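Tertiary structure, described
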Amino acid sequence: MDINKRQLLWAGIILAGIVLAMVWLSKYVNTPEAALPPGAPGVATSTVRETPSSPSVATSTSVGASVRPFPINPADRIVSWGFAGPYAADKALVAQANADVSRLSGLIGSGKYDDYDIYDGIANDYANLGNGAEAYRNYDRAIAIHPAKGLAYANLGHFFSLLGAYYTAADAYAKAVAVEPAMLEYHLERLTYLTAQFPDDTARITSALSDASKQFGDTAPVLAIEARWLTSVGRYADAIKAWQTVKTLSPGQDVAPVNAAIASLQAKLQAQQ
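As the structure is a computational prediction, the values presented were derived from the model and not from experiment.

Notes on the overall build of the chain
The helix and strand tally for the chain stands at 11 helices and 2 strands. In sequence order, the secondary structure elements of the chain are arranged as α-β-β-α-α-α-α-α-α-α-α-α-α. The burial tally for the chain puts 47% of its 273 residues in the buried class. Considering only contacts in the chain between residues 6 or more positions apart, those separated by 24 or more positions represent 71%. Accessible surface, the chain: about 12200 Å² in total, of which carbon and sulfur atoms supply 53%.

Quick look at the packing of aromatic side chains
Under the definition given, this model contains 10 aromatic pairs. Ring geometry for Tyr 136 versus Phe 160: centroids 5.4 Å apart, planes at 70°, classification edge-to-face. Taken together, the positions of Tyr 136 in helix α4 (residues 132-145) and Phe 160 in helix α5 (residues 151-163) put the pair 24 residues apart, joining distant regions of the chain. This pair shows no difference in class: Tyr 136 is buried, exactly as Phe 160 is. Following the ring pairs from residue to residue traces out a cluster consisting of Trp 81, Phe 83, Tyr 136, Tyr 139, Phe 159 and Phe 160. Above the ring of Phe 198, the side-chain terminus of Arg 204 is found at 5.1 Å from the ring centroid.

Side note on the pattern of salt bridges
Considering all chains together, one arrives at 5 salt bridges under this definition. Measuring nitrogen to oxygen at the nearest pair gives 3.0 Å for the salt bridge that ties Arg 103 to Asp 100. In this pair, Arg 103 and Asp 100 are both assigned in helix α2 (residues 91-105), 3 residues apart and thus about one turn of the helix distant. The residue Asp 201 makes a salt bridge to Arg 204 at a minimum N-O spacing of 2.9 Å.

Some details on the environment of Gln 266
In this fold, Gln 266 is placed in helix α11 (residues 256-272). It is 7.8 Å that separates the C-alpha atoms of Gln 266 and Ala 237, two residues lying 29 residues apart in sequence.

Description of the nonpolar core
Formed by 65 residues in total, the largest nonpolar core has its most connected members in Trp 81, Leu 156, Phe 159, Phe 160 and Trp 243. Not counting residues within four places of it along the chain, the set of residues in contact with Leu 156 comprises Phe 70, Tyr 136, Tyr 139, Asp 140, Ile 143 and Ala 172.

Side note on the packing of α5 against helix α6 (residues 166-179)
Packing of α5 against α6 brings their axes to within 7 Å, and their N-to-C directions diverge by 170°. Our classification of the angle between α5 and α6 gives roughly antiparallel. Contacts between α5 and α6 pair Tyr 153, Ala 154, Leu 156, Gly 157, His 158, Phe 160 and Ser 161 from the former with Tyr 166, Thr 168, Ala 169, Ala 172, Tyr 173, Lys 175, Ala 176 and Val 179 from the latter.

Observations concerning the environment of Arg 228
Note that Arg 228 resides in helix α9 (residues 220-232). Judged by relative accessible area, Arg 228 falls into the buried class, the value being 2%. Distance from Arg 228 to Ala 196, taken between C-alpha atoms, is 9.8 Å for residues 32 residues apart in sequence.

Side note on the confidence of the model for the chain
With 76% of its residues at a pLDDT of 70 or more, the chain shows a mean pLDDT of 81. For the stretch residues 1-61, pLDDT sits under 50, and the model shows 178 contacts to residues farther than four places along the chain or on other chains.

Considerations on the packing of helix α3 (residues 115-129) against α5
Where α3 meets α5, the closest approach of the two axes is 10 Å, and the angle between their N-to-C directions is 10°. The orientation of α3 with respect to α5, classified from their angle, is roughly parallel. Contact residues: α3 offers Tyr 116, Asp 120 and Asn 124, while α5 offers Leu 151, Ala 152 and Asn 155. A breakdown of the residues in the contact of α3 with α5 according to their chemical character gives 3 nonpolar, 2 polar and 1 charged.

A short note on the environment of Val 94
Mapped onto the secondary structure, Val 94 falls in helix α2. Judged by its relative accessible area of 23%, Val 94 is partly exposed. The spatial distance from the C-alpha of Val 94 to the C-alpha of Leu 129 is 6.5 Å, given a sequence separation of 35 residues.

Notes on α9
Its 13 residues place the ends of α9 18 Å apart at the C-alpha level, agreeing with the 18 Å of an ideal helix rising 1.5 Å per residue. Among the 13 residues in α9, 11 count as buried, and that is most of the element. Along α9, the residues that are buried comprise Ala 220, Pro 221, Val 222, Leu 223, Ala 224, Ile 225, Ala 227, Arg 228, Trp 229, Leu 230 and Thr 231. Immediately beyond the C-terminal end of α9, within one or two residues, lies Gly 234, with a positive phi of roughly 80°.

Thresholds, definitions, all that
- Residues numbered from 1 in each chain as written.
- Predicted model: local features only at pLDDT ≥ 70, side-chain atom pairs only at ≥ 80, totals over all residues.
- Heavy atoms only, no water.
- Helix = DSSP H or I, 4+ residues; strand = E, 2+ residues; numbered from the N terminus.
- Buried < 20%, exposed > 50% of the residue type's maximum accessible area, 1.4 Å probe, protein only.
- Contact = heavy atoms within 4.5 Å.
- Areas by Shrake-Rupley, 256 points an atom, 1.4 Å probe, with all protein chains shown as cover.
- Phe/Tyr/Trp six-rings, centres within 6.5 Å; stacked < 30°, edge-to-face > 60°.
- Lys NZ or Arg CZ within 6 Å of the ring centre and 35° of its normal.
- Salt bridge = Lys/Arg side-chain N within 4 Å of Asp/Glu carboxyl O.
- Core = buried A, V, L, I, M, F, W, Y, C linked by side-chain atoms within 4.5 Å.
- Axes fitted to C-alpha atoms, helices over the stretch in contact; angles between N-to-C directions.
- Parallel < 35°, antiparallel > 145°, perpendicular 65-115°, else oblique.
- pLDDT = per-residue confidence, 0-100.
- Nonpolar A, V, L, I, M, F, W, Y, C, P; charged D, E, K, R; others polar.
- Expected span 1.5 Å × (residues − 1).

Set out below in structure tokens:
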């Protein structure tokens, strides 16, 4: 698997059955980057196990400068850097990831690939293995090389969400948007995370929506996320408006799922009256 392939959207969001919206999202979020060295998996998705201690990020000879770890938000308390990675139950996948770490480590400084992408791939391997300390360390090494690239920040955001450091995750997603505001996929990742993790934080979500709007205006993928969020917090009339705009922006598309969502919301509004 290419080290820049990644799985960035969550499952189980409100109105997940609205197929059209999810197709739009996957179209924008799962787009691979340019070809990179093979073998590195995407960021892990797993539960966290509690063990003490925080890793210190060492200086990398490839990076050539002291690596500063991405700051942990004071609202978070990380009591564990180890968790059950998705490869934990499969010996073959564990062996594959460990071999990939070894192979990619041998490429550092070779000039064959950008060390940024290599460190990001190594971090993804460690995340799949459930080694949070090494995942964090290598994401930070990648960031030290290209602090103005968003990929490692986005992967770091997902990693911190798995670790239970939810505010730090939000900070990392925001940083990805800040350094590469013209990348729609980072806005989508951020909004998907915030609306799922902080649905009642209207100010935070509104700010993220505003950031996306400033860059792209009205876009169907962003409005689809907004509509699902508005539905989840009971703002049915606003959700209907968002879905109606999605329809306007989708000429030639199958909008039957959107129509169904609007009909459901209209029924809920009538029930409230």
